[in-house]
Amino acid sequence: MKILSYILSPIFILVFFLFLIIFHPLQWLSLHLLGQSAHGKVVDALNFFLVKSMLILGVSVKLKNEYKLPEDTTIIFVSNHQSTFDIPPIGWFFRKHYPKFVAKIELGKGIPSVSYNLRNGGAALINRKDPKQAISELINFSKRIKENNWGAIIFPEGTRSRNGKPKKFASNGLKVITKVNKEGYVVPLTINNSWKVFKYGKFPLGLGSPITITTHEPIKIDSLPFEELLEKTEKVIKEHIK
């Protein structure tokens, strides 16, 4: 299997980055000529192709959702974080809710398509070394998603789990977002198996481990004190990590 991975990994990496390069100018054109809505459609298409490109590695991505998600309100998707490949599926599967990510500021430059979208698509870019900047950015982000009824995506672990085992959830980011969006909902998500793409390290990539994203029951933000909301969200996410 590992020998096959050495053959397929370069093909996947080439295809993946070709999509990033192709969609970079398409994002610029759509945003400047047609506006925010058209730019969002282009990003949706990019996420679709990035998800499908993973089939080169024999990695399928499946969403399990038994719940009807609220509409016309802010939804804060809270998820564990296992790899880079968590992001395109969340963007694609929940595109109806216009998901905007909370990301570290370093991702705002240097990556074709990704950096452009983070800077211009409504995301929050957080400087972890500057708490003042981070809080200010989160407040502005929280107001932005409220005004537009966008979804927010936050990974409270902060950094990726290299072996699938969850880390302790940090509360600060979620606390700011929920405080501004009390009338909205938290939707917990559990991601399984995406860490296995990097089980050998950065190269070669792991093959044939299907990724699943499980959607849990939406929680009305103002139905619980924040500490209970965080505890309930963290518990249900971690209970379903395999």
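Cut-off values and rules
Residues numbered from 1 in each chain as written. Predicted model: local features only at pLDDT ≥ 70, side-chain atom pairs only at ≥ 80, totals over all residues. Heavy atoms only, no water. Core = buried A, V, L, I, M, F, W, Y, C linked by side-chain atoms within 4.5 Å. Buried < 20%, exposed > 50% of the residue type's maximum accessible area, 1.4 Å probe, protein only. Helix = DSSP H or I, 4+ residues; strand = E, 2+ residues; numbered from the N terminus. Contact = heavy atoms within 4.5 Å. Pairing = 2+ DSSP bridges. Expected span 1.5 Å × (residues − 1). Bend = angle between axes of the 7 residues up to and from the residue. Axes fitted to C-alpha atoms, helices over the stretch in contact; angles between N-to-C directions. Parallel < 35°, antiparallel > 145°, perpendicular 65-115°, else oblique. Left-handed = near helix turned anticlockwise from the far one by under 90°. Nonpolar A, V, L, I, M, F, W, Y, C, P; charged D, E, K, R; others polar. Patch = residues over 30% accessible without salt bridge, like charges linked within 9 Å, V, L, I, M, F, W, Y side chains within 5 Å. Areas by Shrake-Rupley, 256 points an atom, 1.4 Å probe, with all protein chains shown as cover. Salt bridge = Lys/Arg side-chain N within 4 Å of Asp/Glu carboxyl O. Phe/Tyr/Trp six-rings, centres within 6.5 Å; stacked < 30°, edge-to-face > 60°.

Student: What is the right way to read the nonpolar core from this model?
Tutor: Soluble globular proteins tend to pack their nonpolar side chains together in the buried interior. Counting residues in each nonpolar core, the largest one holds 36 residues, and the members touching the most others are Met 54, Phe 77 and Ile 90. The element that contributes the greatest number of residues to this core is helix α1 (residues 2-34), accounting for six residues. In contact with Met 54, other than residues within four places in its own chain, are Phe 12, Val 59, Val 61, Phe 85, Val 197 and Ile 211. One finds Val 102, Val 186, Ile 221 and Phe 226 within the second-largest nonpolar core, a separate group that totals 24 residues.

Student: So what exactly am I meant to see when it comes to the pairing of strand β5 (residues 151-154) here?
Tutor: Regular strands place their side chains on alternate faces of the sheet. Of the two faces of β5, the one holding Gly 151 and Ile 153 and the one holding Ala 152 and Ile 154 are both buried throughout. In terms of strand pairing, strand β2 (residues 75-79) meets β5 through four bridges, oriented parallel. Counterpart to Val 78 in the pairing with β5 is Ile 154. Of the pairings in the sheet, the one linking strand β3 (residues 99-104) to β5 comprises three bridges and is parallel in character. Across the sheet, Pro 99 pairs through a bridge with Gly 151, a residue of β5.

Student: Is there a simple way to explain α1 in this structure?
Tutor: Helix length check: α1 (33 residues) gives 45 Å between terminal C-alpha atoms against 48 Å at 1.5 Å per residue, within 8%. Bending of α1 peaks at approximately 30 degrees at the position of Leu 8, with proline Pro 10 no more than four residues after it. For α1, the set of buried residues is Ser 5, Leu 8, Ser 9, Phe 12, Phe 16, Phe 19, Leu 20, Phe 23, Gln 27, Ser 30 and Leu 31. Those residues of α1 hidden inside the fold are in contact with α2 (36-53) and α4 (114-120). Positive phi appears at Gly 35, one or two residues downstream of α1, with a value of about 100 degrees.

Student: Honestly, the packing of helix α6 (residues 172-180) against helix α7 (residues 226-239) in this entry has me stumped. Any pointers?
Tutor: A pair of packed helices is characterised by two quantities: the angle between their axes and the separation of those axes. Closest axis-to-axis distance for the α6/α7 pair is 11 Å, and the angle between their directions is 120 degrees. Regarding the angle of α6 to α7, the classification is oblique. Here α6 runs over α7; the crossing is right-handed. Contacts from Leu 174, Lys 175 and Thr 178 of α6 reach α7 at Phe 226, Glu 227, Leu 229 and Leu 230. Broken down by class, the residue content of the contact of α6 with α7 amounts to four nonpolar, one polar and two charged.

Student: I'm lost on a nonpolar patch on the surface in this one. Help?
Tutor: On the surface, Leu 14, Leu 18, Ile 22, Leu 26, Trp 28, Leu 29, Leu 33 and Leu 34 cluster together into a nonpolar patch covering about 820 Å² of accessible area. The topology assignment puts Leu 14 in helix α1.

Student: What am I meant to see in the packing of aromatic side chains here?
Tutor: The way to describe two aromatic rings as a pair is by their centre distance and the angle between their planes. Taken as a whole and assessed by the stated rule, the structure comprises 12 aromatic pairs. With 5.4 Å between their ring centres and 45 degrees between their planes, Phe 12 and Phe 16 make a pair best called tilted. Note that Phe 12 and Phe 16 are positioned in helix α1 at a spacing of four residues, about one turn of the helix. Here Phe 12 falls in the buried class, since its relative accessible area comes to 2%. With 5.6 Å between their ring centres and 90 degrees between their planes, Phe 16 and Phe 85 make a pair best called edge-to-face. Pair noted here: Phe 16 is in helix α1 and Phe 85 is in the loop between β2 and α3 (87-93), with a separation of 69 residues, a long-range link. Residue Phe 16 shares its accessibility class with Phe 85, and that shared class is buried.

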